[in-house]
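Here's the letter readout for the chains.
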Amino acid sequence: MDIAIFYIAAIVAVGAAVMMILQRNPVASVLYLIVSLIAQAVLFVQLKALFVGALLVIVYAGAILVLFLFVIVLLNLRGEKFASKKPLFDRASKITLAVLLFLEFVILIKEMAFPQRMDELMVQSSPDFGGVRPVATLLYTKYLYPFELTSILLLVAIVGAVIMAKREKSDEGDI
Amino acid sequence: MVPMPHYLIVSALLFSIGIAGVILSRNLIIMFMSIELMLNSANLAIITFSRFLNLMDGHVFVFLVMAVAAAEAAVGLALIITIFRNRGTIDADKFNLLKW
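Rules used throughout
- Residues numbered from 1 in each chain as written.
- Chains lettered and ligands numbered in written order.
- Predicted model: local features only at pLDDT ≥ 70, side-chain atom pairs only at ≥ 80, totals over all residues.
- Heavy atoms only, no water.
- Helix = DSSP H or I, 4+ residues; strand = E, 2+ residues; numbered from the N terminus.
- Rg over C-alpha atoms; globule rule 2.2 N^0.38 Å.
- Buried < 20%, exposed > 50% of the residue type's maximum accessible area, 1.4 Å probe, protein only.
- Contact = heavy atoms within 4.5 Å.
- Areas by Shrake-Rupley, 256 points an atom, 1.4 Å probe, with all protein chains shown as cover.
- Lys, Arg positive; Asp, Glu negative; His and termini not counted.
- Charge placed at Lys NZ, Arg CZ, Asp CG, Glu CD.
- 1 Å grid on protein atoms, 1.4 Å probe; cavity = no way out; pocket = protein on both sides within 12 Å on 5 of 7 lines; lining within 4 Å.
- Points joined across faces, edges and corners; volume = space filled by probe spheres on them.
- Nonpolar A, V, L, I, M, F, W, Y, C, P; charged D, E, K, R; others polar.
- Buried area = accessible area lost by both parts, 1.4 Å probe.
- Salt bridge = Lys/Arg side-chain N within 4 Å of Asp/Glu carboxyl O.
- Polar contact = N/O pair within 3.5 Å; in protein donor to acceptor, adjacent residues only side chain to side chain.

(A) Quick look at the overall build of chain B. In terms of helices and strands, chain B carries three helices and zero strands. Secondary structure of chain B in N-to-C order comes out as α-α-α. A compact globule built from 100 residues should have a C-alpha radius of gyration of about 13 Å, whereas chain B, at 17 Å, is more than 25% larger. Its C-alpha atoms give chain B principal-axis dimensions of roughly 50 × 25 × 20 Å. The buried share among the 100 residues of chain B stands at 59%. Sequence separation of at least 24 residues holds for 58% of the intrachain contacts in chain B that already meet a minimum separation of 6. With an accessible surface of roughly 3,700 Å², chain B has 75% of that area assigned to carbon and sulfur atoms. Placing the 6 positive and 5 negative side-chain charges of chain B at their respective mean positions leaves the two points 10 Å apart.

(B) Quick look at the layout of surface pockets. As a volume, the largest pocket reaches approximately 510 Å³. Contributing elements (two or more residues each) for the lining of the largest pocket: α1 (2-22) and α4 (88-111) of chain A together with α1 (4-24) of chain B. Among the residues making up the lining of the largest pocket, the classes are represented as 13 nonpolar, four polar and three charged.

(C) Here's a closer look at the interface of chain A and chain B. In this assembly, 82 residues from chain A lie in contact with 74 residues from chain B. With both sides pooled, the region where chain A packs onto chain B buries about 7,300 Å², and carbon together with sulfur makes up 79% of that total. If you look at where chain A meets chain B, you find one salt bridge. Close ionic contact of K142(A) with D57(B) constitutes a salt bridge, the shortest N to O distance being 2.7 Å. Taken together, chain A and chain B are joined by eight residue pairs in polar contact (both at pLDDT 80 or more). When contributions to the side of chain A that touches chain B are tallied by element, the ones reaching two or more residues are α1, α2 (26-46), α3 (50-75), α4, α5 (118-123), α6 (132-140) and α7 (144-165) of chain A. Sorting elements by how many residues they give to the side of chain A that touches chain B places α3(A) first, with 12 residues. By residue class, the composition of the side of chain A that touches chain B is 60 nonpolar, 10 polar and 12 charged.

In structure tokens, the structure reads:
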């Protein structure tokens, strides 16, 4: 049962990701990415990361990708013409590079020394592993300063986004 | 119970697809979404290790990575809007001012 859920979620996640990069229409691409992210959230929940899995659906699929959709609608790309297809050699070499990277990962994972006692560790995990309370306790004690620094990062990002996307007035347009 | 390498292989596959999307696509928005996909595949690997080592610290790291991804999305989309306003296109092949 467990392994069936894993395979279904993994195939959906990978298939939707492949469809995402093959789409011409960016809106369809965003929708495929949402499908892929929800399948990845299933994998997260299977790994008992309940809080982070919920966060993935809410923050990524719900907020960030809606932002992408807004920008696509705002840009009005209907008349956008992309140059004709690149030569076959160019595309084939790029795909070969990606496949080689994947093979490197596979070799890395195969050669990696997994600790022998991993199965014991799995058995003794507490029942609320990955729940809201234990993660929040870690976040507000051990990782308090990184968490607070995140707020500064988000503030800088907001200010930067507003300044960059602002329409410059003609008399102060020196940036 | 699904063995650990299975999850890592899925993560590696998603990362490679993200790389392929960045180097193959000419649409800036699709390139940007591929970067988001790569960030998420790294998250999947972190969550896998955190589960199999029985340490919850990985969940906090994923939380922080999501915050970075949100900040990156906001700034990147603002950049795309500015580029589109100045050049009238988001075709990555047409931005060749720095090409020698």
